[in-house]
Amino acid sequence: MRIRLRDATHLASSLLLAAGLGVFSDAVKAQNPAANKPSSSAARRTAHGKKASKRSKRRERGQKAPTPDRISEIQQALAKNGSYTGTPSGKWDESTQDALRKFQESHGLNPTGKLDARSLQQLGLGSQTAGVAPPLPSNTASKLTSSTAQSSQRQR
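Quick caveat: nothing in here was measured; it's all calculated off a predicted structure.

Rules and cut-offs
- Note that residues are indexed from 1 along each chain, following the sequence as it is written.
- Only residues with pLDDT of at least 70 are given local features in this predicted model, and only at 80 or more are side-chain atom pairs given and counted; all residues enter the totals for whole chains, interfaces and linings.
- The side-chain quantities take in all heavy atoms of the structure and omit both hydrogens and water.
- Only DSSP runs of H or I with at least four residues qualify as helices, and only runs of E with at least two residues qualify as strands; both kinds are numbered from the N terminus onward.
- Classification of residues uses two cut-offs on accessible area relative to the type maximum, computed with a 1.4 Å probe and protein chains only: under 20% is buried, over 50% is exposed, and between them is partly exposed.
- In what follows, residue pairs with any heavy atoms lying within 4.5 Å of each other are defined as contacts.
- Accessibility throughout is a Shrake-Rupley quantity obtained with a 1.4 Å probe, and a residue counts as covered only by protein chains that appear here.
- One less than the residue count of a helix, multiplied by 1.5 Å, gives the span that helix is expected to have.
- Counting of polar contacts relies on pairs of N or O atoms within 3.5 Å, with two restrictions inside protein: one atom must be capable of donating a hydrogen and the other of accepting it, and residues adjacent in sequence are counted only when both atoms are side-chain atoms.
- Working definition of a nonpolar core: buried Ala, Val, Leu, Ile, Met, Phe, Trp, Tyr and Cys residues. They are joined through side-chain atoms within 4.5 Å.
- Comment: arc refers to directions from the helix axis out to C-beta atoms.

Any chance you could explain the overall build of the protein chain here in plain terms?
Along its length, the protein chain carries seven helices and zero strands. Ordered by position in the sequence, the α and β elements of the protein chain form the string α-α-α-α-α-α-α. Burial status across the protein chain gives 15% buried among its 156 residues. Sequence separation of at least 24 residues holds for 19% of the intrachain contacts in the protein chain that already meet a minimum separation of 6. Total accessible area on the protein chain stands at roughly 13,300 Å², and carbon and sulfur atoms take up 54% of it.

How do you make sense of helix α4 (residues 68-81) when you look at a structure like this?
Working note: α-helix, 3.6 residues per turn, so residues spaced by three or four point in the same direction. Along its 14 residues, α4 runs 20 Å from first to last C-alpha, staying within 8% of the 20 Å computed at 1.5 Å per residue. Those residues of α4 not exposed but buried are Ile-71, Ser-72, Ile-74, Gln-75, Ala-77 and Leu-78. As for α4, its buried residues are in contact with α5 (94-106) and α6 (117-123). Looking one or two residues beyond α4, the residue adopting positive phi is Gly-82, at roughly 95°.

Would you mind showing me how to read the side chain of Thr-96 here?
With respect to the helices, strands and loops of the structure, Thr-96 is situated in helix α5. The exposure class assigned to Thr-96 is buried, which follows from its relative accessible area of 0%. In this structure the side chain of Thr-96 is engaged in a polar contact, spanning 2.8 Å, whose partner is the side chain of Gln-75. Sequence-distant contacts of Thr-96, that is, excluding residues within four places in its chain, are made with Gln-75, Leu-78, Tyr-84 and Lys-91.

I would appreciate a short explanation of the nonpolar core in the present structure.
Soluble globular proteins: nonpolar side chains tend toward being buried together. Grouped together as the largest cluster of nonpolar side chains are ten residues: Ile-74, Ala-77, Leu-78, Tyr-84, Ala-99, Leu-100, Phe-103, Leu-120, Leu-123 and Leu-125. Of all the secondary-structure elements, those providing two or more residues to this core are α4, α5 and α6. Not counting chain neighbours up to four residues away, the residues in contact with Tyr-84 comprise Gln-75, Leu-78, Ala-79, Ser-89, Ser-95, Thr-96 and Ala-99.

Looking at this structure, how should I read α5?
Between the first and last C-alpha of α5 there are 18 Å, a value that for 13 residues agrees with the 18 Å anticipated at 1.5 Å per step. Looking at α5, one finds that the buried residues are Thr-96, Ala-99, Leu-100, Phe-103 and Gln-104. Considered in projection along α5, the buried side chains sweep an arc of 135° and stay on one side of the axis. With respect to the buried face of α5, the exposed residues turned more than 90 degrees away are Glu-94, Glu-105 and Ser-106.

Shown next, in the form of structure tokens:
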């Protein structure tokens, strides 16, 4: 008798767990169109930073290559300085790397021929704090700060 009671208990708990996980929710949603709207608890979960059911795109690691327009802008800045002698083509080629090395060396930077924050700053194309100080906070409220403020107001 004990084994049968244990099996029944396991079966009942498994069914309750499956129902709690939403295994049968698709059938309920099909019958009830109001069930497609997110509940207030689901809205609260996403507001607190939990992931929604849709997968977000993963952010690619590493630095992105500059666009051809940005490369032309860099080539024009190097030409103004006298380091670049060709016409801006929008292609990152050997002559552009050589010009950047020449520019970096003349401005006391590490002459790698690779773009970095300090080189862009010296060219007049970068941030004023690049490589010198941490980024300044944005003057617009982010989603994180606005959702945190809203949740703290709800708790009061």
